[in-house]
Amino acid sequence: MKKILSILSVLFTLVISSCEKWLDVNDDPNNPTATDASVEIRLPAILSQFVDGYESAGTRAALISGQLAATGTTSNNYYLQSWQITNASVNWPYQSWYVYCAVNIPYMIDAAEVVGANHYAAVGKIIWVWGFSTLADLYGIVPYQEAFQDDIMSPRYDQGADVYNALLPMLDEAVTLLRQQQSTGAPELSVGDVLYGGNTENWIKLANGIKARMLNHLSKTDQYDPSAILTALEQAPSSVAESAVYQYQDEEISGFTATQALQYTNNSATRVSKLYIDYLSGTYLGAPTGNNDSVDPRLGILVPYIIASDGTKSVTTGVDIPNLTTAGVAAGNASYAGLRSTATSTGTWYTQRGSKGLLLTNSEMNFIKAEVYFKQGEKVKALEAYRAGIEAHFNHLGLDPADYLASTSVVSDAAELTLSQIMIQKYISLSYSPELFNDVRRMEYCTDSSGQYNESSGIYKGLNRPGNVYTIAFPSNNMWPRRFNITVYGNSYNQEKVLAADPDATSATYTAKRIWWDTAE
């Protein structure tokens, strides 16, 4: 009897053990968990998803900031162009960051620390700062401290100022890690780095470029520190090779639709604005001029040309956004060339299938420098940086800037340089970038001290309210877009925490409310 019981006991133990192993799916090698993937496997996907959300935010910024207009009257692009910044129209940058990108970064950093892969940990910190600072700039309030905590399903929303204070020190931490050696056996950064190919010096420069950008956002606050910005700029990208440029693949070559350029994907139903063409052609109020004017070569590749049936080409009509009606732009209107390259349009440099995403460039860094020097009264240094910014953007586009820089279409006398000319050239170099929205807010669009459109004193000449402006959100002529609306996810599933952070978040005019660094002058 004892022998039988002993056998049964062994069998029971085996059954229970087998059941435990069968039920313990987290240890199943065929079902990897969140902690299984190695750092070099994680990084390419993190970078790809970050760029997706970042460039998608750039499309939205271009629509709100007057670079682009939408065809039709019911799409999210149309709503954004008319300043109806709905929950649905601004969901994706938030969703892309939280659901597909940022959630993976702590795992990569933890895994990097385990194997001594300091460079991967550093890159994780840089992307973390870049993504959260971008969202804080766009939405004003975002979940940060309680984001990604397993036991918190309804995280609180943090103020943008607090998010900045938490993020800025992380850039210095990342630089320190990048300057350290990795542990023996740790994967080289080059294995997973599809942005810089493992060049740690370029990542250091990117960290400093992000810092300079963030510090410059504080230009209207008492925290503005020009010397700190200039110090960061000295260590930021100073060449095309050092710039953060994401190279997309042509889907027809790669065979994968998902690899096509984001701006190609996002801009099938958008058209360039008259304002954008005016800036490129130098026909705005206060543009440099003289007896040696030159056509900006960028006009030919940044603005699409209409291709007639006989093959002749003519520059597209730009959408005159301030004079739009509620009818908008008809999708089939042949006067407006599409942004994609087709049988009837040359398309644009930014919207080719295999184009590049200019995420943070030496051109932008030079324009930040020009702005800082101009405000300090250092006009000669400001002029040098302004011209360097133009030249750098030409270099990114593969164009020769020599003739244009030698012409009277570009300022050559420091005494004649204006802040408007600096910022309009930066506006061109930041085509389809989230930074557009940051800059037009910081510079108060084209308004005077009362908030009214004033082309003589305003910075962005011609950037006026849309003719089809969404008057429910912007009922007064002195009201301008100041933030993205809270997303559907926040308003529908976490509204209590949203309203705790900002009781105005459900107001009809919420998108006209300034964020923390966008103070009234």
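Before reading on, note that the structure itself is shown above.
In this text, all values refer to a predicted model and were calculated from it rather than measured experimentally.

### Focus: the overall build of the chain
For step 1, the next point in the chain: Regarding its fold elements, the chain presents 20 helices and eight strands.
For step 2, the next point in the chain: For 521 residues, the compact-globule estimate of 2.2 N^0.38 gives 24 Å, and the C-alpha radius of gyration of the chain, at 25 Å, lies within 12% of that figure.
For step 3, the next point in the chain: Here the C-alpha coordinates of the chain stretch approximately 110 × 55 × 50 Å along the principal axes.
For step 4, the next point in the chain: Each of the 521 residues in the chain was classed as buried or not, and the buried ones make up 55%.
For step 5, the next point in the chain: The long-range fraction of contacts in the chain, counting pairs at least 24 apart against all pairs at least 6 apart in sequence, stands at 74%.
For step 6, the next point in the chain: With an accessible surface of roughly 21900 Å², the chain has 52% of that area assigned to carbon and sulfur atoms.
For step 7, the next point in the chain: With 34 positive and 52 negative side-chain charges, the chain shows a separation of 2 Å between the mean positions of the two kinds.

### Considering the side chain of Asp193
For step 1, the next point in the chain: Position of Asp193 relative to the elements: it lies in the loop between helix 7 (160-178) and helix 8 (200-216).
For step 2, the next point in the chain: One buried charged residue, Asp193, remains without a salt bridge, the closest side chain of opposite sign being Lys205 at 15 Å.
For step 3, the next point in the chain: Polar contacts involving the side chain of Asp193 include one to the main-chain amide nitrogen of Tyr196, which spans 3.0 Å.
For step 4, the next point in the chain: With near-sequence residues (within four places) excluded, Asp193 lies in contact with Leu43, Leu47, Gly198, Asn199 and Trp203.

### Quick notes on unusual backbone geometry
For step 1, the next point in the chain: Look at Phe148: it is not a glycine, yet its phi comes out positive at around 65 degrees.
For step 2, the next point in the chain: Relative to the helices and strands, Phe148 resides in the loop between strand 2 (141-143) and strand 3 (157-159).
For step 3, the next point in the chain: Its relative accessible area of 30% is what places Phe148 among the partly exposed residues.
For step 4, the next point in the chain: With a phi angle near 55 degrees, Tyr445 is a residue other than glycine that sits in the positive phi range.
For step 5, the next point in the chain: As for its position among the elements, Tyr445 is in the loop between helix 18 (435-442) and helix 19 (488-493).

### Regarding the side chain of Arg213
For step 1, the next point in the chain: Checked against the element boundaries, Arg213 lands in helix 8.
For step 2, the next point in the chain: A residue is classified by how much of its surface remains accessible, and Arg213, at 4% relative accessible area, is buried.
For step 3, the next point in the chain: There is a polar contact of 3.0 Å between the side chain of Arg213 and the backbone oxygen of Leu359.

### A closer look at the nonpolar core
For step 1, the next point in the chain: The biggest cluster of nonpolar side chains holds 149 residues, and the ones touching the most others in it are Trp97, Trp203, Leu206, Tyr386 and Tyr460.
For step 2, the next point in the chain: For this core, the element with the most residues is helix 6 (residues 118-139), which contributes 14 residues.
For step 3, the next point in the chain: Among residues more than four places away in sequence, those in contact with Trp203 are Leu47, Val123, Ile126, Leu178, Leu189, Asp193, Leu195 and Tyr196.
For step 4, the next point in the chain: Listed in part, the six residues of the second largest apolar core include Ala69, Ile321, Leu324 and Tyr336.

So, how was this worked out
- Residues numbered from 1 in each chain as written.
- Predicted model: local features only at pLDDT ≥ 70, side-chain atom pairs only at ≥ 80, totals over all residues.
- Heavy atoms only, no water.
- Helix = DSSP H or I, 4+ residues; strand = E, 2+ residues; numbered from the N terminus.
- Rg over C-alpha atoms; globule rule 2.2 N^0.38 Å.
- Buried < 20%, exposed > 50% of the residue type's maximum accessible area, 1.4 Å probe, protein only.
- Contact = heavy atoms within 4.5 Å.
- Areas by Shrake-Rupley, 256 points an atom, 1.4 Å probe, with all protein chains shown as cover.
- Lys, Arg positive; Asp, Glu negative; His and termini not counted.
- Charge placed at Lys NZ, Arg CZ, Asp CG, Glu CD.
- Salt bridge = Lys/Arg side-chain N within 4 Å of Asp/Glu carboxyl O.
- Polar contact = N/O pair within 3.5 Å; in protein donor to acceptor, adjacent residues only side chain to side chain.
- Core = buried A, V, L, I, M, F, W, Y, C linked by side-chain atoms within 4.5 Å.

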